[in-house]
Amino acid sequence: MAAALSRALKLPGKKGSELGEYDPLTQADSEDESEEDDLVLNYPRNGLGRDSSLGAGSSKLRGRLVGDEDEAQEDEDEWRERLPAKSRADRDDVTGSQYRSHRDPDRGGEDRAGPGLVGGSGLGAHGTDAEAKRRRAKNAVRSAFFLVPLVCAALLVLLCAFLLPCQKRELEKGQQWERALGEAGGVAPPALSLWDVDGDSVEDVFLGVTEWTNDTHPTLGSKVHSVVALSGVSGQVLWRKVTRELVMCIQCGLQYSSQPSPVVLLVGKSVLMAVNGTTGKTLWLVQVKNIESQAVLLPDLQGDSVPDLLIATLPADEALALSLTLLSGRTGAKLGHPVPFNLTGQGKLIGPLLHETQQGAYYILFGLGNVEAISLRDVYIRATGKMPLTQALRGKDTGWEGLKKINSSSFIHIYRGSEGVEFLLPLLPGLGDNHNSLDPAWNLNSSKSDWVLVYGSSKLSVLRQKDIRKEWTFNSGPIHSQPAPGHFNDDGILDLFIQHSANGIMKALVVDGANGHLLWSAEFVCPRLVLETSAIATSTGQSAFLFWAGDPIKASKNVTKATVPPSVVAGQPLIRKLFLLHPAHATILLELTNTTDTAVTSAVSYRERMKDASYITVSSRPTADSEPGARMVKSTSLRAAVAKGQIVRLEEGGKPGGVVKPGAFEVNKFFRGLSFRHQGRETHSSTTSF
């Protein structure tokens with residue numbers, strides 16, 4: 001009865017004490033009463049326990065047991081009759097296990113159910129297996145979602161790390177090439193131009209070539225003139241066009257709306273020919289006697305949406321100095337007749353150049369030793385006897401017209417003096433590298449710029465286009481090649497790189513474009529060649545200057561005279577070297593290559609995607625015997641050449657025996673991090689397009 005009373009004192013829903021906890025009411029029961037406990041505790045064998053599957057019914061049964069002691073006694077007697085005969089020890093074991101299950105309801109269903117509950121344990125096992133399967137499936141899905149992107153990322157990294165660099169190395173290797181074409185015709189530069197005609201985004205090379213028909217005895221054969229188009233990537237011949245005479249100039253960039261392929265213009269002494277840049281097929285040909293200049297791109301004069309052309313020729317009347325001839329850009333036909341002029345000056349032919357003033361009027365600049373300007377409107381009227389069709393060509397600039405010294409004169413004097421003009425060129429970046437003289441964007445830029453003027457062979461000036469006045473004047477030695485505009489300092493104004501030679505010494509100088517002051521200079525052994533300097537825009541915002549020279553002549557601090565390299569004194573063969581100068585390290589030159597060949601002309605081709613540029617040279621290579629030398633065309637990647645370049649110090653920095661600054665590691669790191677880009681593609685807005 002004490003056990004029943006103990007169970008009655010426990011509130012519904014309250015957990016029993018843990019195993020081993022002392023309960024005085026339970027412990028007070030006698031051995032005879034323990035049999036009652038066994039009978040009561042064994043109720044779950046028929047599903048009547050508190051924790052059986054009956055749920056709420058078990059609570060009701062517990063209430064009846066507590067409230068009706070006689071009914072419990074009857075039930076006890078019935079259970080005694082049904083239970084098999086067991087030893088007291090066995091019943092004690094069963095009672096203990098059932099008591100622990102009753103006292104710890106938080107245990108799993110398998111622990112609470114006694115050995116007799118076979119059905120309950122089976123259901124629990126099936127539930128546990130299903131739950132485990134669901135968990136394994138869920139973990140598998142999670143693993144798949146993690147591993148699949150990881151494998152894809154690994155494959156992508158491998159693709160970028162191995163395949164793409166291999167393609168890049170193959171491309172870099174293919175864009176460095178050398179090819180022999182024809183015979184060297186002295187030091188006169190051949191016609192050279194660049195334009196992409198095969199659609200690979202790399203500018204191709206066009207070169208005028210002269211060959212002998214008799215290979216065994218060249219002097220007994222006849223000369224054959226041709227134009228060869230070479231792939232800018234591999235140097236392979238794209239096409240060859242035989243011409244009647246030597247081609248003086250090759251010009252690219254002319255576009256027809258009906259002709260998707262670029263048009264290449266071949267200018268000879270008496271023939272002007274337009275060919276398809278992709279195939280070399282002739283589009284039109286016109287004979288014009290005594291051509292003296294390359295073609296100048298003009299606005300559309302006829303209203304056919306194709307820019308027209310102008311060339312300078314010698315007039316039929318020998319008393320006159322020069323004529324200007326207008327040609328149709330679509331067919332090459334002459335527009336009217338040549339317009340002759342009587343020029344009073346003597347000297348080198350200057351121009352012709354097209355200039356557009358701030359008021360939108362067009363003028364032609366040309367001259368012999370002097371520089372004159374005449375309105376394009378007047379030239380067209382005198383050639384055709386008609387007024388231009390477009391309104392933009394009918395106007396004149398009142399400011400420029402006011403510069404006429406005599407009202408009856410048709411000329412505007414840009415420069416007149418006792419010292420003849422050597423060079424007149426637009427002040428534009430990348431001028432020395434531009435061989436695409438019919439590029440509309442380039443012409444739009446050059447027609448609105450100031451000018452660089454070299455006169456008296458040793459005076460350098462900048463002419464302002466707005467008022468035809470000199471900005472400044474710089475005096476130097478005789479200047480034999482045209483200046484190269486580029487950015488040496490960081491003031492945003494183009495500076496000028498010039499060269500002059502005297503007494504076997506070549507001097508290179510950089511002149512400040514803002515005020516005409518000297519920014520940099522160095523002396524070299526004269527390379528005995530006249531080749532334009534190339535100024536290339538770099539990733540630092542400043543320009544890199546490429547020029548040919550001999551060994552640098554270093555000035556000694558203790559001796560007044562310069563130190564000449566021993567190779568020159570010993571009379572050894574002259575080695576010409578290609579140097580790169582960058583303003584960030586003005587006391588250091590990078591020697592890119594050296595050769596005994598004589599370079600006669602050069603050009604720079606840009607590769608925008610690779611942030612690189614190719615330096616293309618045409619050289620005469622000497623031969624061992626008396627036969628004419630070979631003409632070599634070579635393309636060199638500048639970034640590859642810079643990576644292998646040698647450091648040449650113009651000044652020894654630091655104290656004797658001390659550390660030279662900047663160090664070789666710092667210099668190499670800087671130059672190898674340089675990238676090159678095109679600097680002459682910008683265009684100005686204009687109401688009239690070319």
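## Points about the overall build of the protein chain
Item 1. The helix and strand tally for the protein chain stands at 14 helices and 36 strands.
Item 2. Looking at the protein chain as a whole, 46% of its 690 residues qualify as buried.
Item 3. Residue pairs in contact within the protein chain that sit at least 24 positions apart in sequence constitute 55% of those at least 6 positions apart.
Item 4. Counting every atom, the protein chain has about 35100 Å² of accessible surface; 53% of that belongs to carbon and sulfur.

## Brief notes about the environment of Met-387
Item 1. Mapped onto the fold, Met-387 is located in the loop between helix H9 (376-384) and helix H10 (398-401).
Item 2. Beyond its immediate stretch of four places on either side in the chain, Met-387 contacts Arg-377, Tyr-380, Ile-381 and Arg-394.

## A short note on the pattern of salt bridges
Item 1. Under the criterion given, the structure shown has 16 salt bridges.
Item 2. With a shortest N-O distance of 3.2 Å, Asp-378 and Lys-396 are connected by a salt bridge. Linking Asp-378 in helix H9 with Lys-396 in the loop between H9 and H10, this pair joins segments that are 18 residues apart in sequence.
Item 3. Classification of Asp-378 by relative accessible area gives buried; the value is 14%.

## Brief notes about the nonpolar core
Considering soluble globular proteins, one finds that nonpolar side chains tend to be buried as a cluster.
Item 1. Leu-298, Leu-326, Phe-341, Ile-364 and Phe-366 are the most contacted members of the largest nonpolar core, which has 25 residues in total.
Item 2. Put simply, the parts of the chain that give this core at least two residues each are strand S11 (309-313), strand S12 (322-327), strand S13 (339-341), strand S15 (362-368) and H9.
Item 3. Ranked by size, the runner-up nonpolar core spans 23 residues in total, among them Leu-531, Leu-578, Leu-592 and Ala-613.

## Regarding the pairing of strand S18 (residues 421-426)
Item 1. Burial within S18 is extensive, with five of its six residues counted as buried.
Item 2. Where S18 meets strand S19 (residues 451-455), five bridges bridge the pair, whose relative direction is antiparallel. Residue pairing for S19: Phe-423 is matched across the bridge by Val-454.

## Notes on the side chain of Asp-204
Item 1. Mapping Asp-204 onto the fold places it in strand S3 (residues 204-212).
Item 2. At 2.9 Å, the side chain of Asp-204 and the backbone nitrogen of Gly-232 are in polar contact.
Item 3. Setting aside chain neighbours within four positions, we find Asp-204 in contact with Ser-193, Leu-194, Trp-195, Asp-196, Val-197, Asp-198, Leu-230, Ser-231, Gly-232 and Leu-238.

## Quick word on H9
Item 1. Among the residues of H9, Leu-376, Arg-377, Asp-378, Val-379, Tyr-380 and Ala-383 are the ones counted as buried.
Item 2. Two or three places before Arg-377, at the start of H9, stands the capping residue Ser-375, its side-chain oxygen 3.2 Å from that residue's backbone nitrogen.
Item 3. Just downstream of H9, Gly-385 is the residue with a positive phi angle, here 75 degrees.

## Side note on the packing of aromatic side chains
Item 1. Applying the stated rule across the entire model yields 15 aromatic pairs.
Item 2. Linked through ring pairs, Phe-488, Phe-497, Trp-520, Phe-524, Phe-545, Phe-547 and Phe-579 together constitute an aromatic cluster.

## What about the sheet that holds strand S14 (residues 349-356)?
Item 1. A sheet is described by the order of its strands in space; here four strands give the open sequence S14-S15-S16-S17, paired in antiparallel fashion. At either margin of the open sheet sits one strand with a lone partner, and together these are S14 and strand S17 (412-415). The average undirected angle you get between the axes of adjacent strands in this sheet is 25 degrees.
Item 2. Sheet analysis places S15 next to strand S16 (residues 371-375), joined by four bridges and oriented antiparallel. In the strand pairing of S16, Phe-366 is matched with Glu-372.
Item 3. H9 rests against S15 and S16 of the sheet, and its axis sits at about 65 degrees to S16.

## Side note on the sheet that holds strand S6 (residues 249-256)
Item 1. Overall, antiparallel pairing links the four strands, which are arranged S6-S7-S8-S9 in an open sheet. Lying at the two open borders of the sheet, with one neighbouring strand each, are S6 and strand S9 (282-287). Strand-to-strand, the axes of this sheet are offset by a mean angle of 20 degrees, without reference to chain direction.
Item 2. When S6 meets strand S7 (residues 259-267), the two strands line up antiparallel, connected through six bridges. Pairing of Cys-252 across the sheet is with Val-264, part of S7.

Calculation notes
- Residues numbered from 1 in each chain as written.
- Predicted model: local features only at pLDDT ≥ 70, side-chain atom pairs only at ≥ 80, totals over all residues.
- Heavy atoms only, no water.
- Helix = DSSP H or I, 4+ residues; strand = E, 2+ residues; numbered from the N terminus.
- Buried < 20%, exposed > 50% of the residue type's maximum accessible area, 1.4 Å probe, protein only.
- Contact = heavy atoms within 4.5 Å.
- Areas by Shrake-Rupley, 256 points an atom, 1.4 Å probe, with all protein chains shown as cover.
- Salt bridge = Lys/Arg side-chain N within 4 Å of Asp/Glu carboxyl O.
- Core = buried A, V, L, I, M, F, W, Y, C linked by side-chain atoms within 4.5 Å.
- Pairing = 2+ DSSP bridges.
- Polar contact = N/O pair within 3.5 Å; in protein donor to acceptor, adjacent residues only side chain to side chain.
- Phe/Tyr/Trp six-rings, centres within 6.5 Å; stacked < 30°, edge-to-face > 60°.
- Axes fitted to C-alpha atoms, helices over the stretch in contact; angles between N-to-C directions.

Distances and angles like these do not, on their own, reveal function.
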